[in-house]
Amino acid sequence: MAVKGHKCKHYPESIKVEAVPLHVEEGWSYRKIAEHLGVQDKYRVRTWMRKYRENGDASFKDGRGNPHRVETEQDREIRRLQLEVDVLKKWLQILNREGCKTSTSSLTS
(Lines give C-alpha, C1' and ligand atoms only; values in the text may rest on other atoms or scores of the structure.)
Protein backbone atom coordinates (compact mmCIF):
# COMPACT_ATOMS: atom_id res chain seq x y z
CA MET A 1 0.00 0.00 0.00
CA ALA A 2 1.25 3.48 -0.81
CA VAL A 3 2.27 5.80 1.97
CA LYS A 4 0.28 9.02 2.23
CA GLY A 5 1.96 11.79 0.29
CA HIS A 6 4.07 9.42 -1.81
CA LYS A 7 3.43 8.97 -5.50
CA CYS A 8 3.14 5.49 -6.96
CA LYS A 9 5.59 4.68 -9.72
CA HIS A 10 3.89 4.05 -13.03
CA TYR A 11 5.47 1.86 -15.67
CA PRO A 12 4.88 2.20 -19.40
CA GLU A 13 2.87 -0.36 -21.31
CA SER A 14 6.02 -1.53 -23.11
CA ILE A 15 7.62 -2.78 -19.86
CA LYS A 16 4.47 -4.63 -18.85
CA VAL A 17 4.18 -6.23 -22.28
CA GLU A 18 7.84 -7.22 -22.13
CA ALA A 19 7.33 -8.89 -18.74
CA VAL A 20 4.59 -11.24 -19.96
CA PRO A 21 6.63 -13.46 -22.32
CA LEU A 22 9.52 -13.55 -19.85
CA HIS A 23 7.23 -15.23 -17.33
CA VAL A 24 4.89 -17.19 -19.61
CA GLU A 25 7.31 -18.41 -22.29
CA GLU A 26 10.71 -18.25 -20.61
CA GLY A 27 9.56 -19.26 -17.13
CA TRP A 28 11.34 -16.44 -15.31
CA SER A 29 10.40 -15.76 -11.69
CA TYR A 30 8.67 -12.54 -10.71
CA ARG A 31 11.79 -11.45 -8.81
CA LYS A 32 14.07 -12.04 -11.80
CA ILE A 33 11.72 -10.11 -14.11
CA ALA A 34 11.53 -7.23 -11.63
CA GLU A 35 15.31 -7.03 -11.41
CA HIS A 36 15.75 -7.30 -15.19
CA LEU A 37 13.20 -4.57 -16.01
CA GLY A 38 13.99 -2.29 -13.07
CA VAL A 39 10.62 -2.71 -11.39
CA GLN A 40 10.45 -1.82 -7.69
CA ASP A 41 9.11 -5.14 -6.45
CA LYS A 42 8.07 -8.59 -7.62
CA TYR A 43 4.49 -8.10 -6.42
CA ARG A 44 3.97 -5.47 -9.10
CA VAL A 45 5.01 -8.01 -11.76
CA ARG A 46 2.70 -10.60 -10.19
CA THR A 47 -0.18 -8.12 -10.44
CA TRP A 48 0.60 -7.54 -14.13
CA MET A 49 0.54 -11.30 -14.77
CA ARG A 50 -2.80 -11.66 -12.99
CA LYS A 51 -4.28 -8.84 -15.08
CA TYR A 52 -2.85 -10.40 -18.23
CA ARG A 53 -4.42 -13.78 -17.42
CA GLU A 54 -7.79 -12.12 -16.76
CA ASN A 55 -7.93 -9.65 -19.68
CA GLY A 56 -5.28 -10.72 -22.17
CA ASP A 57 -3.46 -8.14 -24.30
CA ALA A 58 -6.01 -5.40 -23.55
CA SER A 59 -5.11 -5.39 -19.85
CA PHE A 60 -2.22 -2.91 -20.24
CA LYS A 61 -3.93 -0.35 -22.47
CA ASP A 62 -4.31 3.11 -20.94
CA GLY A 63 -8.05 3.53 -20.41
CA ARG A 64 -8.02 7.10 -19.19
CA GLY A 65 -9.98 9.77 -21.03
CA ASN A 66 -12.60 9.47 -23.73
CA PRO A 67 -11.31 7.12 -26.44
CA HIS A 68 -13.83 8.43 -28.97
CA ARG A 69 -12.73 12.05 -28.59
CA VAL A 70 -9.87 13.05 -30.81
CA GLU A 71 -9.15 16.76 -30.63
CA THR A 72 -7.12 17.98 -33.54
CA GLU A 73 -4.89 21.03 -33.67
CA GLN A 74 -7.55 22.74 -35.77
CA ASP A 75 -10.21 22.08 -33.10
CA ARG A 76 -7.98 23.61 -30.41
CA GLU A 77 -7.34 26.68 -32.57
CA ILE A 78 -11.07 27.12 -33.25
CA ARG A 79 -11.84 26.85 -29.52
CA ARG A 80 -9.10 29.40 -28.70
CA LEU A 81 -10.38 31.85 -31.33
CA GLN A 82 -13.98 31.43 -30.11
CA LEU A 83 -12.88 32.30 -26.57
CA GLU A 84 -11.05 35.35 -27.92
CA VAL A 85 -14.17 36.48 -29.78
CA ASP A 86 -16.27 36.05 -26.62
CA VAL A 87 -13.82 38.15 -24.59
CA LEU A 88 -13.79 40.88 -27.22
CA LYS A 89 -17.60 40.97 -27.35
CA LYS A 90 -17.73 41.34 -23.58
CA TRP A 91 -15.11 44.11 -23.72
CA LEU A 92 -17.12 45.91 -26.41
CA GLN A 93 -20.24 45.76 -24.21
CA ILE A 94 -18.31 47.28 -21.32
CA LEU A 95 -16.91 50.04 -23.52
CA ASN A 96 -20.35 50.83 -24.94
CA ARG A 97 -21.82 51.12 -21.45
CA GLU A 98 -19.01 53.43 -20.33
CA GLY A 99 -19.31 55.44 -23.56
CA CYS A 100 -23.04 56.01 -23.06
CA LYS A 101 -22.50 57.28 -19.50
CA THR A 102 -19.84 59.78 -20.52
CA SER A 103 -21.68 60.99 -23.64
CA THR A 104 -24.95 61.63 -21.75
CA SER A 105 -23.16 63.49 -18.98
CA SER A 106 -21.40 65.74 -21.51
CA LEU A 107 -24.76 66.61 -23.17
CA THR A 108 -26.31 67.83 -19.92
CA SER A 109 -23.40 70.13 -19.13
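Below you will find a few notes about this structure. (Residues numbered from 1 in each chain as written. Predicted model: local features only at pLDDT ≥ 70, side-chain atom pairs only at ≥ 80, totals over all residues. Heavy atoms only, no water.)

So, on to the overall build of the protein. Looking only at helices and strands, the protein has 4 helices and 0 strands in total. N-terminal to C-terminal, the α/β element order of the protein is α-α-α-α. In the protein, which comprises 109 residues, the proportion classed as buried is 15%. Carbon and sulfur atoms make up 54% of the accessible area of the protein, which amounts to about 9,400 Å² in all. (Helix = DSSP H or I, 4+ residues; strand = E, 2+ residues; numbered from the N terminus. Buried < 20%, exposed > 50% of the residue type's maximum accessible area, 1.4 Å probe, protein only. Areas by Shrake-Rupley, 256 points an atom, 1.4 Å probe, with all protein chains shown as cover.)

Attention now moves to the nonpolar core. Grouped together as the largest cluster of nonpolar side chains are 14 residues, with contacts concentrated most on Ile15, Ala19, Ile33, Leu37, Val39, Val45 and Trp48. Top contributing element to this core by residue count: helix H1 (residues 13-24), with 4 residues. Ignoring any residue separated from it by four or fewer positions in sequence, one finds Trp48 in contact with Tyr11, Ile15, Lys16, Ala19, Val39 and Phe60. (Core = buried A, V, L, I, M, F, W, Y, C linked by side-chain atoms within 4.5 Å. Contact = heavy atoms within 4.5 Å.)

Okay, the packing of aromatic side chains next. Per the stated rule, a full pass over the model turns up 1 aromatic pair. Ring geometry for Tyr11 versus Trp48: centroids 5.5 Å apart, planes at 75 degrees, classification edge-to-face. Highlighted residues: Tyr11 in the segment before H1 and Trp48 in helix H3 (residues 42-55), separated in sequence by 37 residues. Assigned by exposure class, Tyr11 and Trp48 land together as buried. Over the aromatic face of Trp28 sits the side chain of Lys32, whose NZ or CZ is 4.6 Å from the ring centroid. (Phe/Tyr/Trp six-rings, centres within 6.5 Å; stacked < 30°, edge-to-face > 60°. Lys NZ or Arg CZ within 6 Å of the ring centre and 35° of its normal.)

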